[in-house]
Amino acid sequence: MPGFELFSDLERKEVNDVLDNGVLMRYGFDGMRKGHWKAKELEAELATTFNSNHVQLVSSGTAAVSVALASAGVGAGDEVIMPTFTFVASFEAIMMLGAIPVLVDIDDTLTLDPKAVEAAITPKTKAVMIVQMCGSMGNMDALSKICNDHNLVFVEDACQAIGGSYKGKPLGSIADLGCFSFDFVKTITCGEGGAVVTNNKDYYINADHFSDHGHDHVGNDRGAETHPFLGYNFRISELHAAVGLAQVRRLPDFIAIQKRNFTIIKNELARVPGVTFRTVPVGGEESYAFLNFFMPDLDGAQKVIEAFKINGIDVCWNYYQNNWHYIRKWNHLKDLKSLYPISSEVKKGLEYLQTKSFDQSDHYISRNISCLIKLSWTEDEVKLRAEKMAQLIKAIN
Ligand SMILES: Cc1ncc(COP(=O)(O)O)c(C=O)c1O
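Draft legend 1. Representation of the state of the cysteines within the structure. In the structure shown here, the tally under the stated rule is 1 disulfide. The disulfide that involves Cys316 links it to Cys371, with 2.4 Å between the sulfurs. On the sign convention where negative means left-handed, the S-S torsion of about 115° between Cys316 and Cys371 marks this disulfide as right-handed. Note that Cys316 is positioned in strand E13 (residues 316–317) and Cys371 in strand E14 (residues 368–372), a separation of 55 residues in sequence. On the basis of relative accessibility, which here comes to 12%, the residue Cys316 falls in the buried class.

Next up, the structure:
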């Protein structure tokens, strides 16, 4: 991660195909295309990659989450359970539909604690959304069971975990609907883009129509297409899809590089007293996009981050202290800072954020350090980096 580090002639060729015929839109203009349908081709490649029946490309990972939820009928006043450790996109995508994000604690997998999920279920709960953060996963069997038992839609945000798997199934393909991002910093990038993955044909048809103004995509006269229901524009362009097409074909190579770099650093840090790692559920294979490790306490984690910064170890973060991925500093959500009025139902539904503490999540995120694994590092560079990281941590302990 990120795929842009290794852009090559493969991406250029796909983009040039699109520019040569000039059709930047994924639908229609059949005569002008000279046979190029990059979005359709990418959907087919992704369906194979994820061993899933259906893939709908959209304009971003955030759009993918909204489209996935809408496709399963999640909307006004419905509660969607999600983790405290994620990206702001998770609650944005829920709130865009007028639904209510219900944030619950994570466990040592760094995503949803099944016990916290179960405790948060109410008659209004419609869906549970796991976020496979930083290349790894939660306890999918336990979460699937909870969703089955309570008749809830299970959504899997695998935006940060493309290439990982659980019990042989690709992450993003396990729940009822999976979501991916191909934004600029993801393992597979197309600049901006995303995908909804599902084996449920009805959800897929809903996603197909909803992401293109409700068009039914029947026939080849766009003006004559009917609109079975309301939709919006979350389309991907052919240019973006072209880049993604070249990148997805390189995914196995990218994952192999991530795994090599990750393993070198992890093996080195495993020898440092006081350093521990997140739990990867039995049967889980990470995507190796990030290495997450724990220090004994927040003070230790802060010192490590400071030492890394001063000594040129980049792309490592303690999310407890920055505004990026953790509930603690999302005051705009807690205070409902919105450009437009928010429904009284959602306002009321989010009142819990004024008082609720997330002690178990704090316990993990305060001590956690998350390091991006780059694709462009050479093996020698990674070895040097790993040794330096270990030395710096030892000096603090
Ligand atoms: C876990 C997660 N979900 C969703 C998104 C949103 O993806 P996008 O930037 O493509 O909208 C991101 C982006 O970083 C993410 O990390």
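Draft legend 2. Region of interest: the packing of helix H9 (residues 251–269) against helix H14 (residues 379–396). One can describe the packing of H9 onto H14 by two numbers: an axis separation of 9 Å at closest approach and a directional angle of 25°. By the angle between their axes, H9 is roughly parallel relative to H14. Two packed elements cross with a definite hand, and for H9 against H14 that hand is right-handed. Contacts between H9 and H14 involve Arg260, Asn261, Ile264, Ile265, Glu268 and Leu269 on the former and, on the latter, Glu379, Val382, Lys383, Arg385, Ala386, Glu387, Met389, Ala390 and Ile393. Taken together, the residues of the contact of H9 with H14 break down into 8 nonpolar, 1 polar and 6 charged.

Draft legend 3. Highlighting the pattern of salt bridges. One pass over the full model with this rule turns up 23 salt bridges. A salt bridge links Asp17 to Lys13, with the nearest nitrogen and oxygen atoms 2.8 Å apart. Here Asp17 pairs with Lys13, and both are found in helix H1 (residues 9–21), just 4 residues apart, close to one helical turn. A relative accessible area of 11% means that Asp17 is categorised as buried. Judged by its relative accessible area of 46%, Lys13 is partly exposed. Taking the shortest distance from any N to any O, the salt bridge between Glu14 and Lys38 comes out at 2.6 Å. Taken as a pair, Glu14 in helix H1 and Lys38 in helix H2 (residues 38–49) lie far apart in primary sequence, 24 residues in all. For the pair shown, Glu14 and Lys38 are each scored as buried.

Draft legend 4. Main features of the packing of aromatic side chains. Scanning the entire structure with this criterion turns up 11 aromatic pairs. Here Phe210 and Phe234 contribute two aromatic rings whose centre-to-centre distance is 6.1 Å and whose plane-to-plane angle is 35°, an arrangement assigned as tilted. Placement of Phe210 in helix H7 (residues 201–210) and of Phe234 in the loop between H7 and helix H8 (238–248) is noted, with a sequence separation of 24 residues between them. Owing to a relative accessible area of 11%, Phe210 belongs among the buried residues under this scheme. Judged by centre distance (5.3 Å) and plane angle (85°), the ring pair of Trp317 and Trp324 falls under edge-to-face. What makes Trp324 partly exposed here is its relative accessible area of 39%.

Draft legend 5. Quick look at helix H6 (residues 140–149). Burial in H6 covers these residues: Met140, Leu143, Ile146 and Cys147. Projected down its long axis, H6 shows its buried positions confined to an angular sector of 125°, all on one face. For H6, exposure combined with an orientation more than 90 degrees from the buried face picks out Lys145, Asn148 and Asp149. Buried residues belonging to H6 abut helix H5 (114–120), strand E4 (125–131), strand E5 (153–157) and strand E6 (165–166).

Draft legend 6. Geometry of the nonpolar core. Phe293 and Phe308 are the most contacted members of the largest nonpolar core, which has 131 residues in total. Per-element tally for this core: the top contributor is H9, with 7 residues. In this structure Phe308 touches Phe293, Ile313, Cys316, Cys371, Met389, Leu392 and Ile393, once residues within four positions along its chain are discounted.

Draft legend 7. The sheet that holds strand E10 (residues 276–277), seen in detail. Here 4 strands make up an open sheet; going across it, the order is E10-E12-E14-E13 and the pairing antiparallel. Whereas interior strands pair on both sides, the edge strands pair on one side only; in this sheet they are E10 and E13. Inspection of the sheet shows E10 paired to strand E12 (residues 290–294) by 2 bridges, in the antiparallel sense. Residue pairing for E12: Phe277 is matched across the bridge by Phe293. Each of E10 and E12 is contacted by H9, which is oriented at about 15° to E12, the strand it contacts most.

Draft legend 8. How the structure looks around the pairing of strand E8 (residues 177–181). Within E8, 5 of the 5 residues are buried, which leaves it mostly tucked inside the rest of the structure. Both faces of E8 are covered, namely the face carrying Leu177, Cys179 and Ser181 and the face carrying Gly178 and Phe180. Judged from the 3 bridges that link them, E5 and E8 form a sheet pairing that is parallel. Paired with Glu156 across the strands is Gly178, a residue of E8. For E8 and strand E9 (residues 194–198), the ladder comprises 5 bridges, and the chain directions are antiparallel. Bridge assignment links Ser181 to a residue of E9, and that residue is Gly194.

Each value, and the rule that gives it
- Residues numbered from 1 in each chain as written.
- Predicted model: local features only at pLDDT ≥ 70, side-chain atom pairs only at ≥ 80, totals over all residues.
- Heavy atoms only, no water.
- Disulfide = S-S within 2.5 Å.
- Helix = DSSP H or I, 4+ residues; strand = E, 2+ residues; numbered from the N terminus.
- Buried < 20%, exposed > 50% of the residue type's maximum accessible area, 1.4 Å probe, protein only.
- Axes fitted to C-alpha atoms, helices over the stretch in contact; angles between N-to-C directions.
- Parallel < 35°, antiparallel > 145°, perpendicular 65-115°, else oblique.
- Left-handed = near helix turned anticlockwise from the far one by under 90°.
- Contact = heavy atoms within 4.5 Å.
- Nonpolar A, V, L, I, M, F, W, Y, C, P; charged D, E, K, R; others polar.
- Salt bridge = Lys/Arg side-chain N within 4 Å of Asp/Glu carboxyl O.
- Phe/Tyr/Trp six-rings, centres within 6.5 Å; stacked < 30°, edge-to-face > 60°.
- Arc of directions from axis to C-beta.
- Core = buried A, V, L, I, M, F, W, Y, C linked by side-chain atoms within 4.5 Å.
- Pairing = 2+ DSSP bridges.

Purely geometric numbers; function is a separate question.
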